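Summary of structural features
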Amino acid sequence: MRKFRILALMLVLIMVLAGCGTGNSTPAAKDIVILYTNDAHCGIEDGMGYQGLSAAKRALLAAGNKVLLVDNGDAVQGDTIGTLSKGEYIIDIMNKLGYDVATPGNHEFDYGMDQFNKLVEKADFDYISCNFVDKDGNPVLKPYVIKEADGVKIAFVGISTPKTITTSTPTYFQDGNGNYIYGFMQDDTGEKLYTAVQSAVDAARKEGAKYVIAMAHLGIEADCQPWTSSDVIVNTSGIDVVLDGHSHSTIAGDIVKNKEGKDVILTSTGTKLANIGWLEFAAKWADAGAQWLHIVDLSGAFSGRSGIDDTIAEIKSGYEEIVNTVVASTKVELTVNDPVSGERMVRRQETNLGDLCADAYRAMSGADIAVVNGGGIRVSIPAGDITYGQIIAVHPFGNEMCVVEATGQQILDALEMGARNAPGECGGFLQVSGMSYEIDLNVEPTVEVNADGMFTGVSGEYRVKNVKVGDEPLDLAKTYTLASHNYMLKSAGDGMAMFQGCTLLQDSVMIDNQVLINYIVDVLGGVVGEDYADPYGQGRITVIEKK
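Notes on the structure follow. Just so we're clear, the structure is a prediction, and the values are computed from it rather than from any experiment.

Some thoughts on unusual backbone geometry
A cis amide bond links glutamine 225 with the next residue in sequence, proline 226, at an omega value of 5 degrees. Of note, proline 226 is situated in the loop between β9 (211-217) and α8 (229-234). The step from alanine 422 to proline 423 runs through a cis peptide bond, and the omega angle for that step is 10 degrees. Note that proline 423 resides in the loop between α13 (408-418) and β19 (430-433). Phi at histidine 248 is positive, roughly 60 degrees, even though this residue is not glycine. Looking at the secondary structure, you find histidine 248 in the loop between β10 (241-243) and β11 (250-257). A positive phi angle, close to 60 degrees, is found at aspartate 494, a residue other than glycine. Of note, aspartate 494 is situated in the loop between α14 (486-489) and β26 (504-506).

Shown next, in the form of structure tokens:
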């Protein structure tokens, strides 16, 4: 029978380094340990940091263990170090750390396909995905790899979220005529994805793999269905463990029954290296299964240099001056999170930072209204000086401001598309400027999308109501000037296909982080003031709770 344990890393490593005998709770020499990360989002020194990860790996190796290091996606995007190098600095660090395998998350593609291919080529480790395919259905990457340690064959099967087709920039996966030449098995039943995963698992088993580890970037959120990690588990067999990413969830080790009713471990480490995952195949249990340990805390566990410090310091020295330049200041905290619960709210309700970002697009473009997707507003800004690096961290994607002519109906459809998951999250949830609207949670969403996740219509009552432009009701037949960015208005990002074919008035005129800087400096006089003091915003979006 498989045995499971959840332990704090500090305790485990103290025992490892001290050579204590603790039964099943401490790795013995020559155990096989898989360290795993997900959704690091360029957080090289956040949480435990790559220094802590390096130290953990070194300690395990010093104790005689066999160590494999893997990543489950969204490593190269999310902060200045990624934006300025288009992900290459992160690959340099991962190479130095000695990663063995990685699965591309949706944000690995944010710098375009040419750059993605460059990152894959630059990596000293394998990128794998069984469901990232070309127009003919052929895998672009290896579906799986097998690593052997102490004679034990362990297969890693890569799974990328089908939502990549809309949550990265859709045009990156199209040819010049708008035809999709890449895909992620994104049919709305999930069957294509399950079949691709099962095929890879079966092939790995046939090749002699004793264990099969799914390295997934799928998530557990409702809007990820039918492609969640649990969906994949219950519709397949032969997987022992799923290492998950995408939803930034911290899952210590849930047990999910597979298609045959057998237990599968589901685990995820959160985001920004808050946790490091630890999966142990103990030598003395070689015939019985694996013990799983989740690393919770690295604080104070190590002293001295970890081996990756010099690499990080050298990289940072190349851009520190520009990112530390103070460009403005704010009297109030500008937030993406609920100040009470600490949970992210920018993807489900109004926030003051959402208001600020939308206002910047409207002011700098001169449009009637502006919208910004909540998924494009990444981090909070504390009260005090604002640096260029902080602005880049808010808008790390390099999107560019555009203005289109859009009808009231198209605007209503976009709001409805963004609100379809409320009160749950949606990356396409729209923060707005120059307008206001209500979301009635008593109305069930009836948004319809095609197999690629693109908006096709609304089949029932709209849950978005009382939309106003200024003080006037939205006129569905009227044409308005709408500001946002190329991701949404030109590339149908987040599935916002209703704007395809709109007359383009301003085409990619300014990068998103410069839009925000210029608004604060030129319009607000360099200081974000009390107008943005309320973390829940200025009352532009009202959520009507269920009765």
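Okay, back to it.
Let's talk about helix α7 (residues 191-206)
Its 16 residues give α7 an end-to-end C-alpha distance of 22 Å, which sits within 8% of 22 Å, the value for a rise of 1.5 Å per residue. Along α7, the positions that sit buried rather than exposed are Leu193, Tyr194, Ala196, Val197, Gln198, Ala200, Val201 and Ala204. Check the buried side of α7 and you find it contacts β6 (144-149), β7 (152-160), β9 and α8. Looking one or two residues past α7, glycine 208 carries a phi angle of roughly 105 degrees, positive in sign.

Considerations on the environment of asparagine 235
Relative to the helices and strands, asparagine 235 is located in the loop between α8 and β10. By relative accessible area, asparagine 235 is classed as partly exposed at 28%. The spacing of asparagine 235 and glutamine 198 is 37 residues in sequence and 8.8 Å in space, taken between C-alpha atoms. Here asparagine 235 is in contact with Tyr194 and Lys259, once residues within four sequence places are set aside. In this structure the side chain of asparagine 235 is engaged in a polar contact, spanning 2.7 Å, whose partner is the backbone oxygen of aspartate 231.

What to know about the sheet that holds β19
Pairing between the strands of a sheet comes from backbone hydrogen bonds, and it takes one of two forms, parallel or antiparallel. Taken in spatial order, the 5 strands make up an open sheet running β19-β16-β25-β18-β26, and their pairing is mixed. Strand pairing shows two members of the sheet lacking a second neighbour, β19 and β26, which therefore form its edges. Here the average twist between neighbouring strands, direction ignored, is 30 degrees. For strand β18 (residues 401-407) and strand β25 (residues 479-485), the ladder comprises 7 bridges, and the chain directions are antiparallel. When the sheet's bridge partners are listed, threonine 407 is paired in β25 with threonine 479. Where helix α11 (residues 352-365) meets the sheet, it contacts β16 (369-373), β18, β19, β25 and β26, and its direction lies at approximately 50 degrees from that of β19. Contacting β16, β18, β19 and β25, α13 runs over the sheet at an angle of about 115 degrees to β18.

Focus: the pattern of salt bridges
Under the counting rule described, the total for this entry stands at 18 salt bridges. In this structure, lysine 262 and glutamate 260 form a salt bridge, with 3.6 Å as the shortest nitrogen-oxygen distance. Glutamate 260 shares its class with lysine 262; the two are exposed. One connected set of salt bridges, linked through shared partners, spans Glu45, Lys316 and Glu320.

Some words on the packing of aromatic side chains
The full count for this structure, using the stated rule, is 12 aromatic pairs. With a centroid separation of 5.4 Å and 55 degrees between ring planes, the pair formed by phenylalanine 125 and tyrosine 127 is classed as tilted. Take phenylalanine 125 and tyrosine 127: they sit in the same class, and that class is buried. With a centroid separation of 5.3 Å and 85 degrees between ring planes, the pair formed by phenylalanine 173 and phenylalanine 184 is classed as edge-to-face. Separated by 11 residues along the polypeptide, phenylalanine 173 in the loop between α6 (164-167) and β8 (182-183) and phenylalanine 184 in the loop between β8 and α7 bring together distant segments of the chain. Under the relative-accessibility criterion, phenylalanine 173 is labelled buried at 0%. Residue classification places phenylalanine 184 among the buried residues on the basis of a relative accessible area of 0%. In this structure an aromatic cluster arises from ring pairing among Tyr99, Phe109, Phe116, Phe125, Tyr127, Phe132, Phe173, Tyr182 and Phe184. For the cation-ring pair, lysine 210 lies above tyrosine 211, with the distance from its terminal atom to the ring centre recorded as 5.7 Å.

Rules behind the numbers
- Residues numbered from 1 in each chain as written.
- Predicted model: local features only at pLDDT ≥ 70, side-chain atom pairs only at ≥ 80, totals over all residues.
- Heavy atoms only, no water.
- Helix = DSSP H or I, 4+ residues; strand = E, 2+ residues; numbered from the N terminus.
- Expected span 1.5 Å × (residues − 1).
- Buried < 20%, exposed > 50% of the residue type's maximum accessible area, 1.4 Å probe, protein only.
- Contact = heavy atoms within 4.5 Å.
- Polar contact = N/O pair within 3.5 Å; in protein donor to acceptor, adjacent residues only side chain to side chain.
- Pairing = 2+ DSSP bridges.
- Axes fitted to C-alpha atoms, helices over the stretch in contact; angles between N-to-C directions.
- Salt bridge = Lys/Arg side-chain N within 4 Å of Asp/Glu carboxyl O.
- Phe/Tyr/Trp six-rings, centres within 6.5 Å; stacked < 30°, edge-to-face > 60°.
- Lys NZ or Arg CZ within 6 Å of the ring centre and 35° of its normal.

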